[in-house]
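# Structural overview for review
Chain residues, written in single-letter form:
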Amino acid sequence: MPYTGDIPIRLVLKGTPREIGLAHGRQLQHQIKDQLEIYREMFEYTSKMNWPQVRALAEEFRVTAEQNTPEVHAEMQGIAEGAGVDLLDIMALNCRSEISLGRFSDGCTALSWKTSEQARVLAQNWDWTTSVGKNMAMLRIEQTDKPVIHMVTEAGIVGKIGFNSAGVGVGLNAIKAPVCDSSKVPIHVALRLCLESDSVDTALERLTSLGGAASSQHILLADSSKSLGLELSPLGDVHLEEDRNGMIIHTNHFIANDRVQEPPWLPGSAVRLSRCQHLCDELIKAGVAGDKITPRLLRERVFSDRYNTPEAICCSEDLSLHPTQQCSTLFNIVMHLGPGHLGAEVVFGRPGYEEESIVVKLPCSLEDQDR
């Protein structure tokens, strides 16, 4: 059944890592348990792994997390306790990209665009298994001596797509590559560490100090003054800089990182990359720049594009595939990273498909935060 774009729950989480985790687990207990059932089926179908095997691999990442990122580990412990599940279940959710070795069929098209010397727009469609749509959440996380985080995530997962009060934003593109190192940082933990940083440079320093990413992935990282495309791999990283138009566009294959030889995967990825570049070039030729680069414009002219359906920028389900492999665009987010105008607009479901799509703004209002 197509995802209808219902607006997910909003949570404000405050306190110590354990307190944040407990509140997360308690308030999203139903969604977390449903996520575990969804991923149990996905691992069995795509990776031929039963849940005990998944948990055994999760234990390797748990040991690393306890040693290298103890606060994130404590938060996961809190989530598990609050939801009434085992810690290794929560670890499995947060390391699902590494455990699956890229066998999940997640897509995504991401874009950063320089609007001025001190402002960037960071946007993406998040394409994923449609059944996960009902288990998303919008989190505001407040921690002592760290920026406030605003992100859209899956229940039980500590780091995802969003931005912080210091003006640092992150997007994500999954990469399929059979290389993994459990002594390094899982991608969802890496996203969280970026969201706890006060600049692109400090985020890079943190990831580097911990040995880099545990699996091959792409993080589109930006603040007001710069954007970088981080093509990450346990075998070595390559950073993509803004092109002559101040843009970085990425989909689900490495553009410059040749350290990992990817198997053939998602033929639509190259098509989406070329199509997104073409659409953005058309906007530039039409004189779009600076303040004209608005969330509405990007949704209507780029992220709702259906060329090469079902593997379009705005992804729709391929009903010929197994249900665990049927993906669609679950949300679009457009973040403005700049002083005096920091925030994001989110549309849940496929942008452009529903005339009355509700635009959700982050940070949310005080009234929404109290719900």
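Everything that follows concerns the structure shown earlier in this document.
Below: a short report on this structure. All of these numbers come straight from a predicted model, not from anything done at the bench.

Here we come to the pattern of salt bridges. Taken as a whole and assessed by the stated rule, the structure comprises 21 salt bridges. Of the charged contacts, one joins Asp-86 and Arg-55 as a salt bridge, the two residues approaching to 3.4 Å between their closest N and O atoms. Of the two residues, Asp-86 is situated in the loop between helix 4 (70–83) and helix 5 (87–94) and Arg-55 in helix 3 (residues 51–68); the sequence distance between them amounts to 31 residues. For Asp-86, a relative accessible area of 36% gives the class partly exposed. Residue classification places Arg-55 among the partly exposed positions, given a relative accessible area of 24%. Salt-bridge contacts for Asp-201 lead to Lys-226; the nearest nitrogen and oxygen are separated by 3.0 Å. Of this pair, Asp-201 sits in helix 8 (residues 200–209) while Lys-226 sits in the loop between strand 8 (217–222) and strand 9 (227–232), and the two are 25 residues apart along the sequence. Residue classification places Asp-201 among the partly exposed residues on the basis of a relative accessible area of 38%. Three or more residues are tied together by salt bridges with common partners; here these are Glu-71, Glu-75, Lys-146, Arg-192 and Glu-196.

Further remarks concern empty space enclosed by the protein. With a probe scaled to a water molecule rolled over the atoms, the places where space remains empty come into view. Applying the stated criterion across every chain, the model contains four cavities of 30 Å³ or more. Its volume calculated, the largest cavity comes out at about 70 Å³. Forming the walls of the largest cavity are 11 residues, and the residues nearest its centre are Leu-139, Arg-140, His-150, Leu-362 and Cys-364. Sorting the residues of the lining of the largest cavity by element identifies strand 1 (9–14), strand 4 (136–142) and strand 5 (149–154) as the ones contributing at least two each. Tallying contributions element by element places strand 4 first for the lining of the largest cavity, with three residues. Per-class residue counts for the lining of the largest cavity are seven nonpolar, two polar and two charged.

Position of Ser-209 relative to the elements: it lies in helix 8. On the accessibility criterion, Ser-209 (55% relative accessible area) is exposed. Note: C-alpha distance between Ser-209 and Asn-125 (84 residues apart in sequence) is 30 Å. Engagement of the side chain of Ser-209 in a polar contact is seen with the backbone oxygen of Arg-206, the distance being 2.7 Å.

Bringing the nonpolar core into the picture now. The biggest cluster of nonpolar side chains holds 87 residues, and the ones touching the most others in it are Ile-32, Met-91, Ile-99, Trp-126, Ile-219, Leu-221 and Phe-331. No other element matches helix 7 (residues 187–195), which puts seven residues into this core. In contact with Ile-219, not counting residues within four places along its chain, are Val-170, Gly-171, Ile-187, Ala-190, Leu-191, Leu-228, Gly-229, Leu-230 and Leu-232. Of all hydrophobic cores here, the second largest spans 19 residues; its members include Leu-111, Leu-283, Val-288 and Ile-293.

Take the packing of aromatic side chains next. A full pass over the atoms with the stated rule returns four aromatic pairs. With a centroid separation of 6.0 Å and 50 degrees between ring planes, the pair formed by Phe-331 and Phe-348 is classed as tilted. Taken together, the positions of Phe-331 in strand 12 (residues 327–337) and Phe-348 in strand 13 (residues 343–348) put the pair 17 residues apart, joining distant regions of the chain. The class of Phe-331 is buried, set by a relative accessible area of 1%. By relative accessible area, which is 6% here, Phe-348 ends up buried. Taken together, the aromatic side chains of Trp-126, Phe-331 and Phe-348 make up a single cluster linked through ring pairs. Here the guanidinium or amino end of Lys-48 rests over the ring plane of Tyr-45, the centre of that ring lying 5.3 Å away.

Cut-off values and rules
- Residues numbered from 1 in each chain as written.
- Predicted model: local features only at pLDDT ≥ 70, side-chain atom pairs only at ≥ 80, totals over all residues.
- Heavy atoms only, no water.
- Salt bridge = Lys/Arg side-chain N within 4 Å of Asp/Glu carboxyl O.
- Helix = DSSP H or I, 4+ residues; strand = E, 2+ residues; numbered from the N terminus.
- Buried < 20%, exposed > 50% of the residue type's maximum accessible area, 1.4 Å probe, protein only.
- 1 Å grid on protein atoms, 1.4 Å probe; cavity = no way out; pocket = protein on both sides within 12 Å on 5 of 7 lines; lining within 4 Å.
- Points joined across faces, edges and corners; volume = space filled by probe spheres on them.
- Nonpolar A, V, L, I, M, F, W, Y, C, P; charged D, E, K, R; others polar.
- Polar contact = N/O pair within 3.5 Å; in protein donor to acceptor, adjacent residues only side chain to side chain.
- Core = buried A, V, L, I, M, F, W, Y, C linked by side-chain atoms within 4.5 Å.
- Contact = heavy atoms within 4.5 Å.
- Phe/Tyr/Trp six-rings, centres within 6.5 Å; stacked < 30°, edge-to-face > 60°.
- Lys NZ or Arg CZ within 6 Å of the ring centre and 35° of its normal.

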